[in-house]
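# Survey of secondary and tertiary structure
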Amino acid sequence: MYQTKKVLLLGSGELGKEVIIEAQRLGLETIAVDRYEHAPAMQVAHRSYCVDMLNPDKVREVVEKEQPDLIVPEIEAIATSELVKLEEEGFRVIPTARAAKLTMDREGIRRLASETLKLPTAQYKFADTYEEFVLGAKEIGFPCVIKPIMSSSGKGQSVCRSEEELEECWNIAMEGGRVQNGRVIIEEFIRFESEITLLTVRAVNGTMFCAPIGHIQKDGDYIESWQPHHMTEAQIEEAEKIAKAITDELGGYGIFGVELFLAEDKVYFSEVSPRPHDTGLVTLVTQNLSEFALHVRAILGFPIPEITQLSPGASRPLKAKTEVNDYTITGIEEALAVPNTQVRVFGKPVTKVGRRIAVALSTAETAEQARDYAGQALEKLQMKEV
Ligand SMILES: Nc1ncnc2c1ncn2[C@@H]1O[C@H](COP(=O)(O)OP(=O)(O)OP(=O)(O)O)[C@@H](O)[C@H]1O
Ligand SMILES: NCC(=O)N[C@@H]1O[C@H](COP(=O)([O-])[O-])[C@@H](O)[C@H]1O
Ligand SMILES: [Mg+2]
């Protein structure tokens, strides 16, 4: 038998699926874990487990049974305090258990970025009860952005434009979080000109940055991303400075998605994923090493001599419009007739409104042209209930 390292992925969505594929390309043994059966990464891993990852005992049980060389968080909603304990016992958590814990909820990472590192962020307040929330929102002012402290892809997020909308925004947050815990963050609404993800990789040979990825978000979830995004020299310098500061603080090896808002006179830090980023799916077609390949190389302690952007590119996710149990995606053949275009189907077992189920990826001579191609491809793709 070929003897190799064992990677245990906590979270098995579309991003994890690509991580597993890259890990297998380097001969690793892969185990996928998630809260539901038939998750995308489970479909390509050697083995899988379906457990409640917010339950510390369940996380420990799988880790102790499998004895992985690397524990790789893929989603924020994990019992990260247990990861801290497992790390103390000698298991390796990517990038570090502290990074997973701090970014698990918006409070840990926001306080670290703003209060400890003094990075520029939107003003913010936290609230546990409706009364605190009302006071906090009035203090921040309208419009403000409300988010459950533990959620991602915009779940439970809303923009509150006036006092009349407070109750509705609170209810959205209570229903959308990944755990039933009332705490929310209230953020000042930043009128940015554009926003980017600066993929930053910490590897054995140092910290490197990918070309900036521009993106557009709707209801807190990305609907389009492209690379490169045009920035001034001063903006790039500021963005890299912020990304270096936050990733140095989090430490460990791996890729980080540093989310930044570009305003006329300022670059704001928004948040950071200590793992591959959804907007970075575009790197599957633009770079010599995708964000997934970079992550795997970095966590194994292998060198990354250079990150080269081979072509401008763009991505457009296909999001389900309804909640169904049996579905298919039509129009793949037509989408693939668009020049320089690929489609990745995630194979999620069921849909929910707004759930990402596939992505169109295109390259072209310019990011604008690539955006146009990816848009044409997306138009052809449709979720159909069967
Ligand atoms: N304070 C803010 N001001 C203006 N827009 C904001 C603010 N906070 C968030 N947004 C918008 O909402 C988007 C999603 O917010 P955020 O990244 O905090 O949510 P998320 O649920 O963590 O998303 P993901 O997991 O996909 O990164 C941002 O990319 C931005 O477009
Ligand atoms: N913004 C974070 C992000 O995109 N995470 C990706 O989405 C999956 C969850 O999707 P689901 O909610 O459809 O199961 C996660 O497992 C990860 O791959
Ligand atoms: Mg985000």
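What you see as residue numbers is a count from 1 along each chain, following the sequence as written. Chain labels run from A onward and ligand labels from 1 onward, assigned in the order the entries are written. Owing to the predicted nature of the model, reporting of local features is limited to residues with pLDDT of at least 70; listing and counting of side-chain atom pairs is limited to 80 or more, with chain, interface and lining totals taken over all residues. Values reported for side chains reflect all heavy atoms of the structure, with hydrogen atoms and water molecules removed beforehand.

### Regarding the overall build of the chain
A tally of regular secondary structure across the chain gives 12 helices and 19 strands. Our radius of gyration is a C-alpha quantity, and the globule rule it is checked against amounts to 2.2 Å times the number of residues to the power 0.38. Over its C-alpha trace the chain gives a radius of gyration of 20 Å, about what one expects of a compact globule, namely 21 Å for 386 residues. Expressed along its principal axes, the backbone C-alpha trace of the chain runs to roughly 65 × 50 × 50 Å. Type-normalised accessible area, obtained with a 1.4 Å probe on protein chains alone, sets the label of each residue: buried when under 20%, exposed when over 50%, and partly exposed for intermediate values. For the chain, the proportion of its 386 residues judged to be buried stands at 57%. Sequence separation of 24 or more characterises 63% of the internal contacts of the chain that already satisfy a separation of 6 or more. Secondary structure is summarised from DSSP: a helix means a run of H or I of at least four residues, a strand means a run of E of at least two, and numbering begins at the N terminus for each. Throughout, a residue-residue contact means that at least one pair of heavy atoms, one from each residue, lies within 4.5 Å.

### Points about the UniProt feature "binding site: N(1)-(5-phospho-beta-D-ribosyl)glycinamide" (unreviewed entry) in the chain
Taken from the UniProt record, the annotation "binding site: N(1)-(5-phospho-beta-D-ribosyl)glycinamide" (unreviewed entry) applies to Glu-14, Leu-15, Glu-74, Asp-278, Lys-348, Arg-355 and Arg-356. On the secondary structure map, Lys-348 appears in the loop between β17 (341-345) and β18 (356-363). Lys-348 sits in the buried class, given a relative accessible area of 8%. Leaving out residues up to four positions away in the same chain, Lys-348 has contacts with Glu-14, Tyr-36, Pro-40, Tyr-327, Arg-355 and Arg-356. A distance of 2.8 Å separates a polar atom in the side chain of Lys-348 from a polar atom in the side chain of Glu-14. Mapped onto the secondary structure, Arg-355 falls in the loop between β17 and β18. Among the residues examined, Arg-355 registers a relative accessible area of 13% and is labelled buried. Leave out the neighbours within four places in its chain, and Arg-355 touches Arg-35, Tyr-36, Leu-318, Lys-319, Ala-320, Lys-348 and Val-350. UniProt positions are given in the numbering used here, feature names are shortened, and annotations may be inferred rather than shown by experiment. The term polar contact refers here to a pair of N or O atoms within 3.5 Å; inside protein, the definition further demands a hydrogen-donor-capable atom paired with an acceptor-capable atom, and it admits residues adjacent in sequence only when both atoms are side-chain atoms.

### Some details on the site of ligand 2
Each residue is tested against the molecule or strand, and it is near if at least one of its non-hydrogen atoms lies within 4 Å. Close to ligand 2 lie Gly-13, Glu-14, Leu-15, Arg-35, Glu-74, Ser-153, Lys-155, Asp-278, Lys-348, Arg-355 and Arg-356. A distance of 2.7 Å is found between an oxygen atom of ligand 2 and a side-chain nitrogen or oxygen belonging to Lys-348. The contact in question runs from an oxygen atom of ligand 2 to an N or O atom on the side chain of Arg-356, over 2.9 Å. In short, Shrake-Rupley with a 1.4 Å probe defines the accessible areas, and a residue's cover is counted only from the protein chains shown. Considering ligand 2 on its own, with 450 Å² of exposed area, one finds that the protein chains cover 88% of that surface. The domain limits used here are those given by an automatic or database domain assignment. Counting only domains with at least three residues in the shell around ligand 2, you end up with domain 1 (6-93) and domain 3 (194-385).

### Focus on the side chain of Glu-187
Mapped onto the elements, Glu-187 comes out in strand β8 (residues 184-188). Among the residues examined, Glu-187 registers a relative accessible area of 4% and is labelled buried. Excluding anything up to four places from it in sequence, Glu-187 contacts Arg-110, Ala-122, Gln-123, Tyr-124, Ile-140, Cys-144, Val-145 and Lys-147.

### Some remarks on the site of ligand 1
Taken together, 20 residues lie near ligand 1, and Lys-147, Gly-154, Glu-195, Glu-259 and Glu-271 sit nearest. Residue Ser-153 places a main-chain N or O atom 2.9 Å away from an oxygen atom belonging to ligand 1. Between an oxygen atom of ligand 1 and a main-chain N or O atom of Gly-154, the distance comes to 2.8 Å. Here ligand 1, which alone exposes 610 Å², has 92% of that area covered by the protein. Elements with a contribution of two residues or more to the shell around ligand 1: β6 (144-148), β8 and β13 (254-262). Three residue categories are used. Nonpolar comprises Ala, Val, Leu, Ile, Met, Phe, Trp, Tyr, Cys and Pro, charged comprises Asp, Glu, Lys and Arg, and polar comprises the others, including Gly. Considered class by class, the residues forming the shell around ligand 1 number 6 nonpolar, 6 polar and 8 charged.

### Comments concerning the sheet that holds strand β4 (residues 70-73)
In this analysis, strands are considered paired if DSSP registers two or more bridges between them. An order of β3-β2-β1-β4 is seen for the 4 strands of this open sheet, with the pairing classed as parallel. Only two strands of the sheet have a single neighbouring strand rather than two, namely β3 (47-50) and β4. Within the sheet, the average angular offset between the axes of one strand and its neighbour, ignoring direction, is 20°. Here strand β1 (residues 6-10) runs beside β4; their pairing, made up of 4 bridges, is parallel. Lines are fitted to the C-alpha atoms to define the axes, a helix being fitted only along its stretch in contact, and any angle between axes, read from their N-to-C directions, falls within 0 to 180 degrees.

### A short note on the coordination of the magnesium ion (ligand 3)
In this listing, donors mean N, O and S atoms no farther than 2.8 Å from the metal, or 3.2 Å for Na, K and Ca; water is missing from the atoms, so a site can look incomplete. The coordination sphere of the magnesium ion (ligand 3), as far as protein atoms go, consists of Glu-259 (OE), Glu-259 (OE) and Glu-271 (OE), spread over 2.0 to 2.5 Å. You can see Glu-259 sitting in strand β13 and its partner Glu-271 sitting in strand β14 (residues 267-273), a full 12 residues away along the chain. A residue is classified by how much of its surface remains accessible, and Glu-271, at 26% relative accessible area, is partly exposed.

### Remarks on the pairing of strand β9 (residues 194-203)
On any regular strand, side chains alternate: one points to one face of the sheet, the next to the other face. Of all 10 residues in β9, 10 are buried; the element is thus mostly enclosed. The side-chain alternation of β9 yields two buried faces, one formed by Ser-194, Ile-196, Leu-198, Thr-200 and Arg-202 and the other by Glu-195, Thr-197, Leu-199, Val-201 and Ala-203. As judged from the 9 bridges shared by β9 and β13, these two strands associate in the antiparallel manner. Looking across to β13, one finds that Ser-194 is bridged to Leu-262. Pairing analysis gives 3 bridges linking β9 to strand β11 (residues 213-218), with the strands arranged antiparallel. Counted as the bridge partner of Ile-196 is Gly-214 from β11. Where β9 meets strand β10 (residues 206-209), 4 bridges bridge the pair, whose relative direction is antiparallel. When the bridges of β10 are listed, Ala-203 appears paired with Gly-206.

### Remarks on the environment of Phe-302
Inspection of the secondary structure puts Phe-302 in the loop between α10 (291-299) and β15 (313-319). Spatially, the C-alpha atom of Phe-302 lies 33 Å from that of Ile-223, the residues being 79 residues apart in sequence. Excluding residues that lie within four positions of it along the chain, Phe-302 makes contacts with Leu-26, Ala-203, Val-204 and Arg-297.

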